[in-house]
Each structure stands twice: as structure tokens, then as C-alpha cells.
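Listed below, chain by chain, are the residues.
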Amino acid sequence: MNALPLGSAPTGVTTPAVPTSEYGTVERVILLAEDGTPVGVADKAEVHTRSTPLHLAFSCHIRDARGQVLVTRRALSKKTWPGVWTNSLCGHPAPGESFESAIARRAHEELGLELTDIRMVLPDFRYRAVDASGVVENEICPVFTARAGSELAPNPAEVMDYTWVAPSDLRRAIEVAPWALSPWLVEHSPGLALLVDESDRSEGPA
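These numbers were taken from a predicted model, which means no experiment stands behind them.

Cut-off values and rules
- Residues numbered from 1 in each chain as written.
- Predicted model: local features only at pLDDT ≥ 70, side-chain atom pairs only at ≥ 80, totals over all residues.
- Heavy atoms only, no water.
- Phe/Tyr/Trp six-rings, centres within 6.5 Å; stacked < 30°, edge-to-face > 60°.
- Helix = DSSP H or I, 4+ residues; strand = E, 2+ residues; numbered from the N terminus.
- Buried < 20%, exposed > 50% of the residue type's maximum accessible area, 1.4 Å probe, protein only.
- Expected span 1.5 Å × (residues − 1).
- Arc of directions from axis to C-beta.
- Contact = heavy atoms within 4.5 Å.
- Polar contact = N/O pair within 3.5 Å; in protein donor to acceptor, adjacent residues only side chain to side chain.

A. Looking closely at the packing of aromatic side chains. Per the counting criterion, the structure on display carries four aromatic pairs. The interplanar angle of 40 degrees and the centroid separation of 5.5 Å between the aromatic rings of F99 and F144 together place this pair among those described as tilted. Residue F99 is located in helix α2 (residues 99-111), and its partner F144 is located in strand β11 (residues 143-148); the two are separated by 45 residues in the primary sequence. The two residues F99 and F144 agree in class, both being buried. Aromatic side chains F125 and Y127 sit 5.6 Å apart centroid to centroid with 15 degrees between the ring planes, which places their arrangement in the stacked category. Judged by relative accessible area, F125 falls into the buried class, the value being 10%. Look at Y127 and you get buried, because its relative accessible area is 4%. Taken together through their ring pairs, the aromatic side chains of W81, F125, Y127 and W184 make up a single cluster.

As C-alpha cells, this is what we get:
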């Protein structure tokens, strides 16, 4: 499925706009039809329930100068998957906000981190998952990579722990202990080139 009409310049895509006053103080998410068409907005604080509607999100994997990838542990105060290890960064673009701007914003809010080289790598990823409390995630969630451009300063309300790991080590963790990781990380990892074994690369395109 081509989830969204993202075109040839994915990091510059701007989501449908609403007046700034409608989302400037309350975080909103963009609601989507089954074909990925935007159909409205909702308060983020109210959208995640046992019958969460399909909405727009993103995930991002951040690498450092050594090529290691950042893995974070969600704060225990998070409504969905508290305390679970996941990819570097997740979030939702606000109405009228580009993915690139949303990722940079969330990196600053969650990690105190400046990013460079933000790139979309999985434009059509979609998943639905239910956590232990019964709360549902239901997202069209393009996956990005980025480079860390500053030192990390995590917000404890968002991130309770973190580590930098070799991509091969993250791949092995996903293979042997998927139950310990967020479902969106596990589900999108097979299509993520940075997690492909170097021996696999020699056999064909990543």
C-alpha cells in the first residue's frame, strides 16, 4: 500500500494544515482513512484507547559518529508500552508540520538532541498493536534515519534509559528477544537497511 502521497522529497513533506491556534498548546495527531488520506485531527492525549483510530506517526533511528544506533527505554509514565525498549525516537507530526520538522522537534523534546541528515527509509510502514493494558496503537508510521549532531540529554519524562549499540547487536536482540522490544521496532526491522547483516549485503541489494 502506498500509504501517503509522499512524492520524491519525503523529508520536506508537509502534513495538512489547520490554524496554529488549534494545535499550538495541545498536541494533536492527524487522523487517517484506510487509504492514508487525512480525515481530521484529534488530541493526542485522548486518541490512544482500546479502539484507537488510524493516525499518522513516525519512527526514527539515530546513529552517532561511530555508526552506532541509539536505543531508548520508554519512561514508566508513558501511556503505551511503558518501560519498553524501542528505537531512538517516535512521535506524531502536527497538522501543517513536515516530518523533518516534527522529528527535529521531538529529538529536542525527548533527547535534548540536535539532528542532521534526516532521511526517510520506509515510507509505507503501517502497524496495529495492543499493549498489556489493552491500549491500541494504530498508525501509518514512516521510518527515518538521522545522525546525532550534539550530545544527548534525555528528558526523564520521556526516556528512562538509553544505550548506543552496533546495528548488528540490535538486529540480534530483535531476533532473540522480540518480546522485550516495542512491536513497531520488531515489525519494521526486516525492511531496515541499517540492520541488514553485512554478509547479506554481498548477496544482493539491501
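B. Quick look at α2. Spanning 13 residues, α2 covers 17 Å between terminal C-alpha atoms, matching the ideal 18 Å at 1.5 Å per step. Buried residues of α2: F99, A102, I103, R106, A107, E110 and L111, and no others. End-on view of α2: buried residues confined to an arc of 135 degrees, all on one side of the axis. One or two positions beyond α2, positive phi appears at G112, with a value near 60 degrees.

C. Focus on the environment of G83. Relative to the helices and strands, G83 is located in the loop between β5 (69-74) and β6 (85-86). With near-sequence residues (within four places) excluded, G83 lies in contact with R73, R74, A75, L76 and M160.

D. Local environment of helix α3 (residues 167-176). Turning to α3, its buried residues number three or more, namely P167, L170, R171 and I174. End-on view of α3: buried residues confined to an arc of 100 degrees, all on one side of the axis. Turning to α3, the residues buried within the fold contact β4 (58-63), β5, β12 (159-165) and α4 (183-188).

E. A look at the side chain of T86. As for its position among the elements, T86 is in strand β6. Within polar-contact distance, the side chain of T86 engages the side chain of N87 at 3.0 Å. A distance of 3.0 Å separates a polar atom in the side chain of T86 from a polar atom in the side chain of W184. The residues contacting T86, other than those within four sequence positions of it, are V71, T72, R74, S182, W184 and L185.

F. Region of interest: the side chain of H48. On the secondary structure map, H48 appears in the loop between α1 (44-47) and β3 (55-56). A polar side-chain atom of H48 sits 3.1 Å from a polar atom in the side chain of E137. Beyond its immediate chain neighbours, meaning those up to four positions away, H48 contacts H55, K79, T80, H92, V135, V136, E137 and E139.

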